[in-house]
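# Structural overview
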Amino acid sequence: MIEIQNATKRFGSLAALEHLNLQIKPGCIYGLVGPNGSGKSTLLRLISGVYRADEGRVLLDGSPAWENPATKDKILYLADDLYIPPKSTTEDLLKFYRTMYSGFSDMLCAQLKAVFPIDTTQRLSSFSKGMRRQAALLVALSCCPQYLLLDEAFDGLDPVIRLLIKKLLAQQIADRDMTVVITSHNLRELEDLCDHIGLLHKGSVLFEQELDELKFGLCKIQAVFREKIDWSRSGLKLLQVQQKGSMATLLVRGDAEDTLRTVQGLGPVFAEALPLTLEEIFIGEMEAVGYDCKNILQ
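Since the model is a prediction, treat every value here as computed from it, not as a measurement.

### Re the sheet that holds strand 3 (residues 29-33)
In space, the six strands of this open sheet follow the order 6-7-8-3-9-10, with mixed pairing throughout. Looking along the sheet, the strands with just one partner apiece sit at the ends: strand 6 (75-78) and strand 10 (204-210). Adjacent strand axes in the sheet meet at a mean angle of 15° when their direction is disregarded. Note that strand 3 and strand 8 (residues 179-183) share four bridges and pair parallel. Across the sheet, residue Ile-29 finds its bridge partner in strand 8, namely Val-180.

Here it is as C-alpha cells:
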C-alpha cells in the first residue's frame, strides 16, 4: 500500500504539494488528474524516492522509499521527459535494468519483445517519440515492479499500442497484484483504464474516489424551458449550468433520479438525465473551486 501522510514538498517559496494525504491500495490502477502545476509529477517523484518530503511521510508497505534500496527495488518510475543515454539501444537499457531490479524477468522480456513492434537493437536516437515510449514501457514491465508509476505514459502512442499497453497492465495486475499509478491529461484514456481517480489542485487532493462511485455522486441533466429559470432558487447543488437559448445543461451533485424529479417540477418542455464522462466531472469540480478550465485539457 502507498501511504502519503501530511506530505509537503517545496521548491524555494513554492509549495508544489502541501499537507497532502492519500492512500493507494494494492492491485489497483490509480489515475491522477489535475491542471498543469497541480503537483502530479512531484507526487510520483515523492512516491518513488526521487524527492524527499520536506514535511510528513511517504510510505510503501510501511517503509519510506527515500534512501531505501530495498523499497526502491519494488518501484519503477517512468517519467514524462524520458532520459535516453547517447547511442543506446533498447537492449542496452534492458541490460542495465537487469542489474538494477531483482525481479527482472527474462521470460516476460522475451514475450514483450515479440509483441512490441520495435527493433530492440536499433539506436533509440533514431526512434520517434512514440517508439521511445514503447521501448521504455517494454523495459519497465520487464522489471516486474510491485509499484509502476507512469507519468503521461500514453503520450505519443498510437491507438493500437495504447490498447496493447492496457492489456499488458491488466495482465500484470492480475498475475502479480501490481499497483499502477498513472497521470494523464487524456481523461478519456483514464476513464477506460482506471478504477480509482484522484484530482489534485494546488498541491492538495481536491477529491479522490472509485470511478464508479464518483460518477454515481454526480449527474447531468438537459432540459428545455419556455421561460428563463433562476437556478439559484432551484435547491439543486449545481456545479455547472450551461444555457443555450431555451436549453439548459446542468451538472449537479446528487442522485440522478431525484435531480430529474426536481427539474421536472420546474415545468420544462422536456428533461432527461444524460451519462457523464470523466472530463465533465473534472471540469465541473474544478469550476466549483473557481478554476478557469478553458486551457486545462489538451
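There is more to say, and it comes next.
### Here we look at the nonpolar core
Grouped together as the largest cluster of nonpolar side chains are 54 residues, with contacts concentrated most on Phe-116, Leu-148, Leu-150, Ile-165, Leu-169, Val-180 and Ile-182. Among the elements that take part in this core, helix 5 (residues 129-142) stands out by supplying seven residues, more than any other. Tyr-30, Leu-43, Leu-46 and Val-58 belong to the second-largest nonpolar core, a separate cluster that totals 25 residues.

### So, the pattern of salt bridges
With the rule as written, the count across this model stands at ten salt bridges. For Lys-9, the salt bridge identified is with Asp-54, shortest N-O distance 3.9 Å. Residue Lys-9 is found in strand 1 (residues 2-11), and its partner Asp-54 is found in the loop between helix 1 (40-48) and strand 4 (55-60); the two are separated by 45 residues along the sequence. Between Asp-80 and Arg-133 there is a salt bridge whose closest N-O contact spans 3.7 Å. Separated by 53 residues along the polypeptide, Asp-80 in the loop between strand 6 and helix 3 (90-100) and Arg-133 in helix 5 bring together distant segments of the chain. Since its relative accessible area comes to 35%, Asp-80 is described here as partly exposed. You can call Arg-133 buried: its relative accessible area is 2%.

### Side note on helix 4 (residues 106-115)
Among the residues making up helix 4, those that are buried are Leu-108, Cys-109 and Leu-112. Looking straight down helix 4, one finds its buried side chains confined to an arc of 100°; they lie on one side. Residues of helix 4 that are exposed and angled more than 90 degrees away from the buried face: Met-107 and Ala-114. Next to the buried residues of helix 4 lie helix 3, helix 5 and helix 6 (159-176).

### Brief notes about the state of the cysteines
Counting across every chain of the model gives zero disulfides. The cysteine Cys-143 is free of any disulfide, with Cys-144 supplying the nearest cysteine sulfur at 7.7 Å.

### Notes on unusual backbone geometry
Backbone geometry at Asp-61 places phi at a positive 55°, although glycine is not the residue there. Checked against the element boundaries, Asp-61 lands in the loop between strand 4 and strand 5 (63-64). Residue classification places Asp-61 among the partly exposed residues on the basis of a relative accessible area of 41%. Located in the positive-phi region is Cys-144, a residue other than glycine, with phi close to 50°. Here Cys-144 shows up in the loop between helix 5 and strand 7 (147-151).

### A short note on helix 6
Given a rise of 1.5 Å per residue, 18 residues ought to cover 26 Å, and the 26 Å separating the end C-alpha atoms of helix 6 matches this to within 8%. Restricting attention to buried positions, one finds in helix 6 the residues Ile-161, Arg-162, Leu-164, Ile-165, Lys-166, Leu-168, Leu-169, Gln-172 and Ile-173. Where helix 6 is buried, its residues meet strand 3, helix 4, helix 5, strand 7, strand 8 and helix 7 (187-193). The N-capping residue of helix 6, defined by a side-chain oxygen 3.0 Å from the backbone nitrogen of Val-160, is Asp-158. Looking one or two residues past helix 6, Asp-177 carries a phi angle of roughly 60°, positive in sign.

Cut-offs used in this document
Residues numbered from 1 in each chain as written. Predicted model: local features only at pLDDT ≥ 70, side-chain atom pairs only at ≥ 80, totals over all residues. Heavy atoms only, no water. Pairing = 2+ DSSP bridges. Helix = DSSP H or I, 4+ residues; strand = E, 2+ residues; numbered from the N terminus. Axes fitted to C-alpha atoms, helices over the stretch in contact; angles between N-to-C directions. Core = buried A, V, L, I, M, F, W, Y, C linked by side-chain atoms within 4.5 Å. Buried < 20%, exposed > 50% of the residue type's maximum accessible area, 1.4 Å probe, protein only. Salt bridge = Lys/Arg side-chain N within 4 Å of Asp/Glu carboxyl O. Arc of directions from axis to C-beta. Contact = heavy atoms within 4.5 Å. Disulfide = S-S within 2.5 Å. Expected span 1.5 Å × (residues − 1). Polar contact = N/O pair within 3.5 Å; in protein donor to acceptor, adjacent residues only side chain to side chain.

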